[in-house]
Amino acid sequence: MLTRIDHIGIACRDLDETVAFYTTTYGFEVFHTEINEEQGVREAMLKINETSDGGASYLQLLEPIREDSAVGKWLAKNGEGVHHIAFGTADVDGDAAAIAGKGVRVLYDEPRRGSMGSRITFLHPKDCHGVLTELVTAAENPGAEH
Ligand code: V0V
Ligand code: CO
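Reference entry: report on the structure contained in this document. Worth saying up front: this structure is predicted, and the values here are computed from it rather than measured.

Thresholds, definitions, all that
Residues numbered from 1 in each chain as written. Chains lettered and ligands numbered in written order. Predicted model: local features only at pLDDT ≥ 70, side-chain atom pairs only at ≥ 80, totals over all residues. Heavy atoms only, no water. Phe/Tyr/Trp six-rings, centres within 6.5 Å; stacked < 30°, edge-to-face > 60°. Helix = DSSP H or I, 4+ residues; strand = E, 2+ residues; numbered from the N terminus. Buried < 20%, exposed > 50% of the residue type's maximum accessible area, 1.4 Å probe, protein only. Lys NZ or Arg CZ within 6 Å of the ring centre and 35° of its normal. Contact = heavy atoms within 4.5 Å. Polar contact = N/O pair within 3.5 Å; in protein donor to acceptor, adjacent residues only side chain to side chain.

Below, the discussion takes up the packing of aromatic side chains. The description of an aromatic ring pair uses the distance of the two centres, along with the angle that the planes make with each other. What the rule picks out here adds up to six aromatic pairs. Ring geometry for Tyr 22 against Tyr 26: centres 5.5 Å apart, planes inclined by 45 degrees, an arrangement best described as tilted. Here the residue Tyr 22 and the residue Tyr 26 both occupy positions in helix H1 (residues 15-26), the gap between them amounting to four residues, near one helical turn. When the centroid spacing of 5.9 Å and the interplanar angle of 85 degrees are considered together, the rings of Tyr 108 and Phe 122 count as edge-to-face. Here Tyr 108, found in the loop between helix H3 (92-100) and strand S6 (112-113), pairs with Phe 122, found in strand S7 (residues 119-123); they are 14 residues apart in sequence, far enough to count as distant. Note on accessibility: Tyr 108 and Phe 122 belong to one class, buried. One aromatic cluster is present, formed by Phe 21, Tyr 22, Tyr 26 and Phe 28 through successive ring pairs. Over the face of the ring belonging to Tyr 108 we find Arg 112, whose NZ or CZ atom lies 3.7 Å from the ring centre.

Next up on the list: the environment of Asp 53. Locating Asp 53 in the fold gives a position in the loop between strand S3 (41-50) and strand S4 (56-64). Under the relative-accessibility criterion, Asp 53 is labelled partly exposed at 32%. Along the chain, Asp 53 and Gly 88 lie 35 residues apart, while their C-alpha atoms are 9.2 Å from each other. Setting aside its immediate chain neighbours within four residues, Asp 53 contacts Thr 3 and Arg 4. Side-chain polar atoms of Asp 53 contact the side chain of Thr 3, separated by 2.6 Å. A polar contact is formed between the side chain of Asp 53 and the side chain of Thr 51, at a distance of 2.6 Å.

Below, the structure is given as structure tokens:
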């Protein structure tokens, strides 16, 4: 069951500059930063609020580390802006299988490594009314050692 908005992914050209905008304009704080080589991004997670399912909602600021990455390609075509939304679930495997059964293309056979040790997969934007949609199961203790 999808129980929260886990994050909104925002593509940017310069992560440090974009983090500075979100922290100085809104007062949000950086909760976590990392490089995800497989996904081709450098990212910062800004925690917005905790959620009733025991998780939290974040903004995920994403700077490509390679031009041919998903975010790099998207930025070249569209410029900066909202890149994807992510729903949180306790069971990404089960929910991805159930959604695939409804005819929506799930991009990965098995969930891959996401931010803060989470497990993630994506639904094709062309099957979701133009919205790249991520499903995420958070690690037991997000941010603890990542
Ligand atoms: C592409 N399209 C999008 C889109 N990206 N539509 C809405 N939102 C997006 N973000 C459209 C694009 O305009 C094309 O439509 C069509 O899909 C095919 O796009 P393309 O440019 O030819 O690119 P593809 O097909 O090579 O790749 C698109 C997909 C790719 C969605 C398959 O971006 C992908 O695998 N994304 C999943 C991985 C990802 O995004 N990682 C970065 C975030 P027209 O022009 O033909 O109509 S990493 C992350 O979130 C992490 C680590 C985390 O949360 O922990
Ligand atoms: Co994401």
